[in-house]
Amino acid sequence: MITLGVVLLLIGLLANISILWTIGIILVVVGLALAVAGRLGHAIGGRKHWF
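Residues numbered from 1 in each chain as written. Predicted model: local features only at pLDDT ≥ 70, side-chain atom pairs only at ≥ 80, totals over all residues. Heavy atoms only, no water.

Draft legend 1. Structural view of helix α2 (residues 18-39). Taking 1.5 Å as the rise per residue, α2 with 22 residues should run 32 Å; its terminal C-alpha atoms sit 32 Å apart, in good agreement. Where α2 is concerned, the buried positions are Gly24, Leu27, Val28 and Gly31. Each buried residue of α2 lies within a common arc of 105° when the element is viewed along its axis, so the set occupies one face. Seen from the open side of α2, the exposed residues pointing more than 90 degrees away from its buried face are Ser18, Ile19 and Val29. (Helix = DSSP H or I, 4+ residues; strand = E, 2+ residues; numbered from the N terminus. Expected span 1.5 Å × (residues − 1). Buried < 20%, exposed > 50% of the residue type's maximum accessible area, 1.4 Å probe, protein only. Arc of directions from axis to C-beta.)

Right, here's the structure in full:
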């Protein structure tokens with residue numbers, strides 16, 4: 001999710017498309033929040049691990 005957010009941020013920046021920029025920021029923030037919650041050992045979506 002973080003990678004997709006960064007890709008959308010770059011495309012939005014290079015193509016000057018603000019909606020891609022906004023979606024990219026949202027995906028990066030949500031991805032980081034899920035990564036931190038997973039590192040702390042919290043179950044996300046009813047699962048302890050995503051592998």
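Draft legend 2. Focus on the environment of Leu8. Checked against the element boundaries, Leu8 lands in helix α1 (residues 2-15). Given the relative accessible area of 16%, Leu8 is considered buried. Sequence-wise, Leu8 and Leu20 are twelve residues apart; in three dimensions their C-alpha atoms are separated by 5.6 Å. Once you skip the residues sitting within four places of it in the chain, Leu8 turns out to touch Leu20, Trp21, Ile23, Gly24 and Leu27. (Contact = heavy atoms within 4.5 Å.)

Draft legend 3. A look at a nonpolar patch on the surface. Nonpolar side chains collect at one region of the surface, where Met1, Ile26, Val30 and Leu34 lie side by side and expose about 350 Å² of accessible area between them. Inspection of the secondary structure assignment puts Met1 in the segment before α1. (Patch = residues over 30% accessible without salt bridge, like charges linked within 9 Å, V, L, I, M, F, W, Y side chains within 5 Å. Areas by Shrake-Rupley, 256 points an atom, 1.4 Å probe, with all protein chains shown as cover. Salt bridge = Lys/Arg side-chain N within 4 Å of Asp/Glu carboxyl O.)

Draft legend 4. Expanded view of α1. Look at α1: 20 Å from first C-alpha to last across 14 residues, which is about the 20 Å you get at 1.5 Å a residue. The elements touched by buried residues of α1 are α2. Where α1 ends, the next residue or the one after it, Asn16, has phi of about 60°, a positive value.

Draft legend 5. Representation of the packing of α1 against α2 within the structure. The contact between α1 and α2 brings their axes to 7 Å, and the two run at 160°. Viewed along their axes, α1 and α2 adopt a mutual orientation that is roughly antiparallel. Crossing of α1 over α2 shows left-handed handedness. Side by side, α1 and α2 meet where Ile2, Leu4, Gly5, Val6, Leu8, Leu9, Ile11, Gly12 and Leu13 of the first sit next to Leu20, Trp21, Ile23, Gly24, Ile25, Leu27, Val28, Gly31 and Leu32 of the second. Split by residue class, the contact of α1 with α2 holds 14 nonpolar, four polar and no charged. (Axes fitted to C-alpha atoms, helices over the stretch in contact; angles between N-to-C directions. Parallel < 35°, antiparallel > 145°, perpendicular 65-115°, else oblique. Left-handed = near helix turned anticlockwise from the far one by under 90°. Nonpolar A, V, L, I, M, F, W, Y, C, P; charged D, E, K, R; others polar.)

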